[in-house]
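# Breakdown of the fold
Listed here are the chains, written in short residue letters.
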Amino acid sequence: MKKIIKILLITLTGVIVIISALGLGGYLYIKSFLFDFDKNNYEEIKVKSITNDKGLTFDDYNNNNLLDTYEDNSKSLEERVSDLLNKMTNEEKIAILKGTGIGSMLGFNSNGVPGAAGEIFGNKRLGLNNLYLADGPAGLRISSERKNFDKKLYSTAFPVGSLVASTWDKNLAFEIGKAMGSEAKSYGVDIILAPGMNLHRNPLCGRNFEYFSEDPVLSGNIAAGIVNGIQKNNVGACPKHFVVNNQETDRMKNNALVDERTLREIYLKGFEIMVKKSQPWAIMSSYNKLNGKYVTVNKRLLTSVLRDEWGFRGTVMTDWFGGGDTVESIKAGNDLIEPGTSKVLEDLEKGLENQKLSENDLNIAASRILKLILRSNKMNNSKNDNSPDLKYHAEIVREKASEGMILLKNDGILPLKENDIISLMGVTSFNIISGGIGSGDVDEAYTVNLDEALIKSNFKLNKTSTDLYEDYFKKNPVKKPVGIIENLMLMMDPKLLSQINYTDNDLNTMAENSDLAILTIGRNSGEGKDRVEKNDFLLSKKEKELIEKTCKVFHSKNKKVVVVLNIGGVIETHSWKDLPDAILLAWQAGQESGNSIVDILNGKVNPSGKLPMTFPIALNDHRSTKNFPTDGASSDMTLMFNKKEKPLSEQTKNNDFTIYEEGLYVGYRHFEKEGINTSYPFGYGLSYTNFDYSNIVAKNVNDTINISLDIKNSGNISGKEVVQIYFSKSNSSIDRPIKELKDFSKTKLLKSGEKAKVYFSLPISDLSYWDDEKNEWVIEKGNYEIFAGSSSSDIRLHLKNLKL
Ligand code: BGC
């Protein structure tokens, strides 16, 4: 017996020793792989300002008491960068081509900006500061905890991308960007990893909420507004993910197979518009492959198209742990590898040694990064004060978010009457989803739920409805994830909230004791996973029954029902939309969600949002659904560290590769071409007032088409209208969509009876198509038709003969 115990003890000790050794080994490996792989650790650089004998005051970054060219602000950026390049060793140049690891992201680098997704190395010897790069599209994703600060430093949760696009307002996008940029500046973030602008190819993409639209003209213009707004603060924007990153499933290896015309006219187009209209400081290359090659190593895309054709003058960085071979990436024009690992450092060092990476390649990439550093606020005497105007930003969020909410249906119930008693139903009415999951998330101070917002606006809530929620909450406490691990877990499995049980008795009591019901349906999704059809795109059986029963009971007592959609992506609406009296698509509207919704419900704001994507009757109506992963599988995270290539014979459709067989026919282009009915068409959205369109005139002057038309508010309430301009080529000799969006504009607030002239001006090159044979843009001669619409299917004015 003793012997057995002895053997057991020895075995146990052995196991413990092995586990500890493995644990320690693993820890040391991870530490050296992801954290301590570079000697140039962060240290805040203190710079002296001195005045030289010519009376010139300058920042003496390298502490040599002399005015070096790179320290001289009167010199051009190019001269300053070239001086720096001359002063740097190859080792120092290599150091800045890759991030510093994931210390900041995990909050270890407490001197800097904890929670920032990445860093760019500066150079201590030359007095160059590290730069901080933080997500994201709906506000800064940084930690609110900061060393030496008692109070929390929260960021503002702005509305998600799809909501911003639903405003169809280029100026509003600029204002949102400006507020985001000023917050970044204040918190010491130098580059915001936003906007996300991949196209909504299919409703199931898990990150559609971060992105804008199924149409490149809408996406590109909204993105340009945001970039210009961010950069107004001398903070860089980094639009992403360039390009054709339209699914999350297997995003790190998926090979998107797209023909050249589709690539140019659909997937590159939005980026082209954005680059030309806003010249971002940086662009993030995407994880995926395109036609067999990782985008990061695609010189044609990153250099010939982006830089030579479009004139992009900024830096390209990889997505985190993404892309192909390190040296090939730099040579292709991808200047920065994020977040940086010991392997990347080794690759670059070896590359230079064996001359696979030339000094010229190294200098080109390094100079682009030096340009970023020299431009940054840190290098221009603007230190972070850590006190952004969060109150003002919250006001902006409240106001702008209501502009992107879309009234899908209104049978006369909205706006609500003052003092209405409301039965407030649905978990997300009390636990509103302010934004999506993953790098699009924000550590905000608070979120305004619908219950508190309604009460603040003097509505009364039916007690049975609030008691039922409280009961539910006691049994299912809803907790916001805290810290990186909980957030990662949620990212891997974005559980949809369960729904409150309402018995027939509850419904009857609520209907008897209130004036109406507001029922919220919520959805969430995020990075690393696509959505699925069942219980996500489609309502769950329980949700459907809830809508049916609520409408039946409330209608039987002559009471109305409003459904509020608190969602990030498209859901099915056709089968149930006839039941409620009104439907408001509120999206995920940021931290003031409840207030913005109530501003619409009570009529303080007249809804003016329009759909930036089609709401189909069925998922399969989208042609892309045939070639889209629909099983909701998680991305393979091991690919971050080990990119094994599968032999062709083992590759599976929609995981390893995705055929973009629908070509140009994404979204409304497909529905119109095939004559398929929609539940709600692209560009659709109601108002509490009506608008008359008249007097359209179009002229081609010096290859610019000038269009003007009149919009009159013919209803009783002030409101704004989004005017959409579509073009079509009559008798085209090539295959073309029926019509395509070419421009749009939102009017100012028009009073009842007020008229405004709306102007558009577009170069005729906007009408060109990509000619595969000639390999260039071509403008077809002949007749074009112009449509001015309130949606893609509600065309109010039609000009038939614009001759080109
Ligand atoms: C995402 C990017 C993000 C980056 C840094 C990646 O997983 O795809 O959008 O900017 O992480 O957080």
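Preceding this section is the structure that the text describes.
Residues numbered from 1 in each chain as written. Predicted model: local features only at pLDDT ≥ 70, side-chain atom pairs only at ≥ 80, totals over all residues. Heavy atoms only, no water.

### Comments concerning the site of the ligand
Under the convention used in this document: For this description, a residue counts as near a given molecule or strand if any of its non-hydrogen atoms is within 4 Å of it. Any pair of nitrogen or oxygen atoms within 3.5 Å is treated as a polar contact; in protein, a donor-acceptor pairing is required on top of that, and neighbouring residues in sequence qualify only through side-chain atoms on both sides. Methods summary: accessible areas were calculated by the Shrake-Rupley approach with a probe of 1.4 Å, and residue burial reflects only the protein chains presented. Charged means Asp, Glu, Lys or Arg here, nonpolar means Ala, Val, Leu, Ile, Met, Phe, Trp, Tyr, Cys or Pro, and polar covers whatever is left, Gly included.
Near the ligand there are 14 residues, and of these Asp135, Arg207, His241, Asp319 and Glu527 occur at the shortest range. A distance of 3.0 Å separates an oxygen atom of the ligand from a polar atom in the side chain of lysine 240. Its free accessible area being 300 Å², the ligand has 95% of it covered by the protein chains. Counted by class, the shell around the ligand contains five nonpolar, two polar and seven charged residues.

### Some remarks on the packing of aromatic side chains
This is how it is decided: Each aromatic pair joins two rings of Phe, Tyr and Trp (for Trp, the six-membered one) with centres within 6.5 Å, and gets the label stacked for planes under 30 degrees apart, edge-to-face for over 60, and tilted for any other angle. As a reminder, the over-ring test applies to NZ of lysine and CZ of arginine, requiring each to be within 6 Å of the ring centre and within 35 degrees of the ring normal.
This structure, assessed with the given rule, holds 13 aromatic pairs. Members of the aromatic cluster, each reached through a chain of ring pairs, are Trp168, Tyr668, Phe682, Tyr726 and Phe744. The ring centre of phenylalanine 744 lies 4.7 Å from the NZ or CZ of lysine 170, which sits over that ring. A cation sits over an aromatic face here: lysine 269 above tryptophan 777, 4.4 Å from the ring centre.

### Description of helix α20 (residues 541-556)
Side chains that are three or four residues apart share a direction in an α-helix, a result of its 3.6 residues per turn. Our working definition: For helices the rule is a DSSP run of H or I covering at least 4 residues; for strands it is a run of E covering at least 2, with both sets numbered from the N terminus onward. Helix span, as expected, comes to 1.5 Å for every residue beyond the first. Each residue is placed in one exposure class: buried if its accessible area under a 1.4 Å probe, protein chains only, is under 20% of its type's maximum, exposed if it is over 50%, and partly exposed if it falls in between. Should any heavy atoms of two residues lie within 4.5 Å, those residues are considered in contact.
For α20, spanning 16 residues, the distance from its first C-alpha to its last is 22 Å, which sits close to the expected 22 Å at 1.5 Å a residue. Where α20 is concerned, the buried positions are Glu543, Leu546, Ile547, Thr550, Cys551, Val553 and Phe554. Along its buried surface, α20 packs onto β13 (421-425), α18 (504-512), β15 (516-522) and β16 (560-566). Asparagine 558 sits one or two residues past α20 and shows a positive phi near 65°.

### Structural notes on empty space enclosed by the protein
Which parts of space are left empty comes out when a probe the size of a water molecule is rolled across the atoms. Cut-off, in case you're wondering: Here a cavity is any set of points on a 1 Å grid over the protein atoms alone where a 1.4 Å probe fits but cannot get out, and a pocket is any open set with protein on both sides within 12 Å along at least 5 of 7 lines; a residue lines the site when it has an atom within 4 Å of a point. Grid points are joined across faces, edges and corners, and a volume is the space filled by probe spheres set on the points.
Applying the stated rule across the entire model yields four cavities of 30 Å³ or more. Taken as a whole, the largest cavity holds about 60 Å³ of empty space. Forming the boundary of the largest cavity are Ala138, Ala157, Phe158, Ser434, Gly435, Gly436, Gly440, Asp441, Val442 and Glu444. The residue makeup of the lining of the largest cavity, split by class, is four nonpolar, four polar and two charged.

### Digging into the sheet that holds strand β23 (residues 722-729)
Spelled out, the test is: When DSSP finds two or more bridges between a pair of strands, those strands are recorded as paired. Axes, fitted as lines to C-alpha atoms, cover a helix only where it is in contact. Angles between the N-to-C directions of the axes lie from 0 to 180 degrees.
Strand order in the open sheet made by the four strands is β24-β23-β28-β29, with antiparallel pairing throughout. What marks the edges here is a single partner per strand, and that holds for β24 (740-746) and β29 (794-803). On average, each strand axis in the sheet is tilted by 20° relative to the strand beside it, whichever way the strands run. Sheet topology places β23 next to β24; six bridges connect them, and they run antiparallel. Looking at the pairing, phenylalanine 727 lines up with glutamate 740 of β24.

### A few points about the packing of helix α5 (residues 170-187) against helix α13 (residues 390-403)
Note the cut-off: Angles are sorted into four bins: roughly parallel if under 35 degrees, roughly antiparallel if over 145, roughly perpendicular if 65 to 115, and oblique for all others. A clockwise turn of the near helix away from the far one marks a right-handed crossing, whereas an anticlockwise turn of less than a right angle marks a left-handed crossing.
Put simply, α5 and α13 touch, their axes get as near as 11 Å, and they point 155° apart. Compared by their axis directions, α5 and α13 come out roughly antiparallel. Handedness of the α5/α13 crossing: left-handed. From α5, Leu172, Glu175, Ile176, Ala179, Ser182, Glu183 and Tyr187 reach across to α13, where they touch Leu390, His393, Ile396, Lys400 and Glu403. A per-class count over the contact of α5 with α13 returns six nonpolar, two polar and four charged.

### Considerations on the sheet that holds strand β25 (residues 755-763)
Read across the sheet, three strands follow the order β21-β22-β25 without closing on themselves; strand pairing throughout is antiparallel. A strand with exactly one partner marks an edge of an open sheet, and here the two such strands are β21 (691-701) and β25. Recorded for the sheet is a direction-independent mean angle of 15° between the axes of neighbouring strands. Examined bridge by bridge, β21 and strand β22 (residues 704-713) share nine bridges and lie antiparallel to one another. The residue of β22 that forms the bridge with valine 697 is serine 708.

### Some details on the layout of surface pockets
Taken as a whole, the second largest pocket spans an internal volume of roughly 640 Å³. Taken together, 34 residues make up the lining of the second largest pocket; nearest its centre are Lys269, Lys742, Ser765, Asp766 and Leu767. Of all the elements in the fold, those that place two or more residues in the lining of the second largest pocket are α6 (216-231), α8 (269-278), β23, β24 and β25. A per-class count over the lining of the second largest pocket returns 14 nonpolar, six polar and 14 charged.

### What about the pattern of salt bridges?
Going by this rule: A carboxyl oxygen of Asp or Glu within 4 Å of a side-chain nitrogen of Lys or Arg is what we treat as a salt bridge.
Taken as a whole and judged by the stated rule, the model has 52 salt bridges. Measuring nitrogen to oxygen at the nearest pair gives 3.4 Å for the salt bridge that ties glutamate 272 to lysine 269. With glutamate 272 and lysine 269 both in helix α8 and three residues apart, this pair spans about one turn of that helix. Residue glutamate 272 is classed as buried on the basis of its relative accessible area of 8%. According to the relative accessible area criterion, lysine 269 is buried, its value standing at 17%. Glutamate 403 serves as the salt-bridge partner of lysine 746, at 3.4 Å between the closest nitrogen and oxygen. With lysine 746 in strand β24 and glutamate 403 in helix α13, this pair connects stretches of sequence that are 343 residues apart. Neither residue differs from the other here; lysine 746 and glutamate 403 are each classed as buried. Through salt bridges with shared partners, one network takes in Arg207, Glu210, Glu248, Arg251 and Glu527.

### Looking at the packing of α18 against α20
One can describe the packing of α18 onto α20 by two numbers: an axis separation of 9 Å at closest approach and a directional angle of 45°. Compared by their axis directions, α18 and α20 come out oblique. Taken as a pair, α18 and α20 cross one another with a handedness that is right-handed. Contacts between α18 and α20 involve Asp504, Leu507, Asn508, Met510 and Ala511 from the former and Lys549, Thr550, Val553 and Phe554 from the latter. Here the residues of the contact of α18 with α20 are counted per class, giving five nonpolar, two polar and two charged.

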